[in-house]
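# Architecture and fold: a report
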Amino acid sequence: MKHRVAGRKLSRPTAHRKSLLNGMVTALIRHESIRTTEAKAREVRRVAEKVIGQGKKGDLAARRRAASMLSDKRAVTKLFDELGPRYESRDGGYTRMFKLGPRKGDAAPVAIIELLP
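The sections below set out a description of the structure shown in this document. Note that the coordinates shown come from a computational prediction; the quantities given were computed from them, not determined experimentally. Here the residue index of a chain counts from 1 through its sequence in written order. Thresholds applied to this predicted model are a pLDDT of at least 70 for local features of residues and 80 or more for the giving and counting of side-chain atom pairs; totals over whole chains, interfaces and linings are not thresholded and use all residues. Each side-chain value is derived from all of the structure's non-hydrogen atoms; neither hydrogens nor water enter the calculation.

## Thoughts on the sheet that holds strand β2 (residues 95-102)
Whether two strands pair depends on DSSP finding at least two bridges between them. Here a helix means four or more residues in a row that DSSP labels H or I, a strand means two or more in a row labelled E, and each is numbered from the N terminus. If you walk across this open sheet you meet the three strands as β1-β3-β2, and the pairing is antiparallel. In this open sheet, the two strands that pair with only one neighbour each are β1 (33-37) and β2. Averaged over all neighbouring strand pairs, the angle between strand axes comes to 20 degrees, with direction disregarded. Across seven bridges, β2 lies against strand β3 (residues 109-115) in antiparallel orientation. Directly across from Thr 95, in β3, lies its bridge partner Leu 115. By definition in these notes, contact holds between two residues if any of their heavy atoms fall within 4.5 Å. Lines fitted to C-alpha atoms define the axes, with helix axes restricted to the stretch in contact, and inter-axis angles between N-to-C directions lie between 0 and 180 degrees. Contacts from helix α1 (residues 14-31) reach β1, β2 and β3 within the one sheet, and its direction differs from that of β1 by about 145 degrees. Helix-sheet contacts for helix α2 (residues 38-57) involve β1, β2 and β3, and the interaxial angle to β2 is about 170 degrees.

Now the structure itself:
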């Protein structure tokens, strides 16, 4: 039984998986839309929701927690200056995912994940 087991391992060691997700969340914040596999998109959504929640708080501790997860200073600045105020009145659900179907090379299910306007 899978009680209290959350998240996907994505066939990677823990450090690689965390680095991958942090990089993808950074790209999502910078570009506001990324194209990836469905499994990665679902995991990115979980991390992005938490990071945007930090951006809404706006204090120094939240900025440092977000900076530890994002790999780009410009992404941190955008998170706190643009995205935090944008989602101030929203309680969650900052992302949207569109399924695109199978990828041509390996038939992996592909999706686009984007931030809501």
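Alright, that's what it looks like, and here's the rest.
## Some details on α1
With 18 residues, α1 ought to run about 26 Å at 1.5 Å a step, and its terminal C-alpha atoms sit 26 Å apart, in line with that. The buried label goes to any residue with under 20% of its type's maximum accessible area, the exposed label to any with over 50%, and the partly exposed label to all in between, with areas taken from a 1.4 Å probe on protein chains only. Residues of α1 that are buried include every one of Arg 17, Leu 20, Leu 21, Met 24, Val 25, Thr 26, Leu 28 and Ile 29, and no others. An expected span of 1.5 Å times one less than the residue number is assigned to each helix.

## Observations concerning the pairing of β3
Burial runs high along β3: five of the seven residues are buried. Where β1 meets β3, five bridges bridge the pair, whose relative direction is antiparallel. In the sheet register, Thr 36 faces β3, and the bridge partner there is Ala 111.

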